[in-house]
Each structure stands twice: as C-alpha cells, then as structure tokens.
Amino acid sequence: QLQAFGGGLVQAGGSLRLSCAASGRTFSNDAMSWFRQAPGKEREFVAGITMGGGSTNYADSVKGRFTISRDNAKNTVYLQMNSLKPEDTAVYYCAIRRFFVVTTLQYDYWGQGTLVTVSS
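My aim in this report is to walk through the structure given alongside it, one point at a time.

What counts as what
- Residues numbered from 1 in each chain as written.
- Predicted model: local features only at pLDDT ≥ 70, side-chain atom pairs only at ≥ 80, totals over all residues.
- Heavy atoms only, no water.
- Pairing = 2+ DSSP bridges.
- Helix = DSSP H or I, 4+ residues; strand = E, 2+ residues; numbered from the N terminus.
- Axes fitted to C-alpha atoms, helices over the stretch in contact; angles between N-to-C directions.
- Salt bridge = Lys/Arg side-chain N within 4 Å of Asp/Glu carboxyl O.
- Buried < 20%, exposed > 50% of the residue type's maximum accessible area, 1.4 Å probe, protein only.

Observations regarding the sheet that holds strand β7 (residues 66-71)
Part 1: Strand order in this open sheet of 4 strands is β1-β3-β8-β7, and the pairing throughout is antiparallel. Two strands close off the open sheet at either side, each with one partner strand: β1 (2-5) and β7. Put simply, the sheet's adjacent strands are angled 15 degrees from each other on average, direction ignored.
Part 2: Across 6 bridges, the pairing between β7 and strand β8 (residues 76-81) is antiparallel. Counterpart to T67 in the pairing with β8 is Q80.

Okay, structure coming up:
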C-alpha cells in the first residue's frame, strides 16, 4: 500500500515536498517513482529511486529543480520540488515496482495521488 501526501497550492518559484509512505512488506529490492498527470494530459514520469542503492533518475523537465530521496527505515520516498512553475501543476502519484526504475507506467502498485497547484 502506498500513501502520497504533501501537495498543495504554491506560487511560482516556491517549493513543496511530497512524501510517499509504503507499507505491507520490505522494499529494499524495489524502486519507487513519482509520476504526474496534468488535466487533459497523459501521466508522465517525474523521478525515480532504487530503495537499495539509491540510484536516481529524473525527467529532463525537472532536472536541477526536483530531488528524490528515500528513508529506508520509514519505507518512505520524498520529492523535494523547488523553483516550481505553473506547468508543474498536476496530480502527483507515487508508484513501486521490483528492482529498477523505469520511465513507463509499468509499476505494480500506485498511490492515490496528491494535487500540486502552482499559481503564476
């Protein structure tokens, strides 16, 4: 089970931190990622991290602004979002799959989503 939270309304240039807490089993061999879906658009990959080695992967659109991190003791992944832009407005979802990050939607479990709104 995944629970995502931390979304909200922020002005352009501001910051937010999203959290995704996983429960139910050990996740040390898994990869967790964040996706987002803006109104009328397809769901897209944002960032991912392997829970074991901590390897990260980012979409070009967020590189240098977003940082994904993990706390294995809490089975939690964070997405620190800085320098937010109106085009970052979307529902953000966390997802988990075995072993390694992929940028497609091929994940085993998804969280419920949390809305991020960036005003101009």
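Now that the structure has been shown, the text picks up again.
Overview of the pattern of salt bridges
Part 1: Throughout the structure, instances matching the rule amount to 5 salt bridges.
Part 2: The residue R98 makes a salt bridge to D30 at a minimum N-O spacing of 3.0 Å. One end of the pair, R98, is in strand β9 (residues 90-98); the other, D30, is in strand β4 (residues 30-37), and 68 residues separate them in sequence.
Part 3: The exposure class of R98 is partly exposed, given its relative accessible area of 33%.
Part 4: With its nearest N and O atoms 2.9 Å apart, the salt bridge here joins D88 to R36. With a gap of 52 residues between them, D88 in the loop between β8 and β9 and R36 in strand β4 connect regions that are remote in the sequence.

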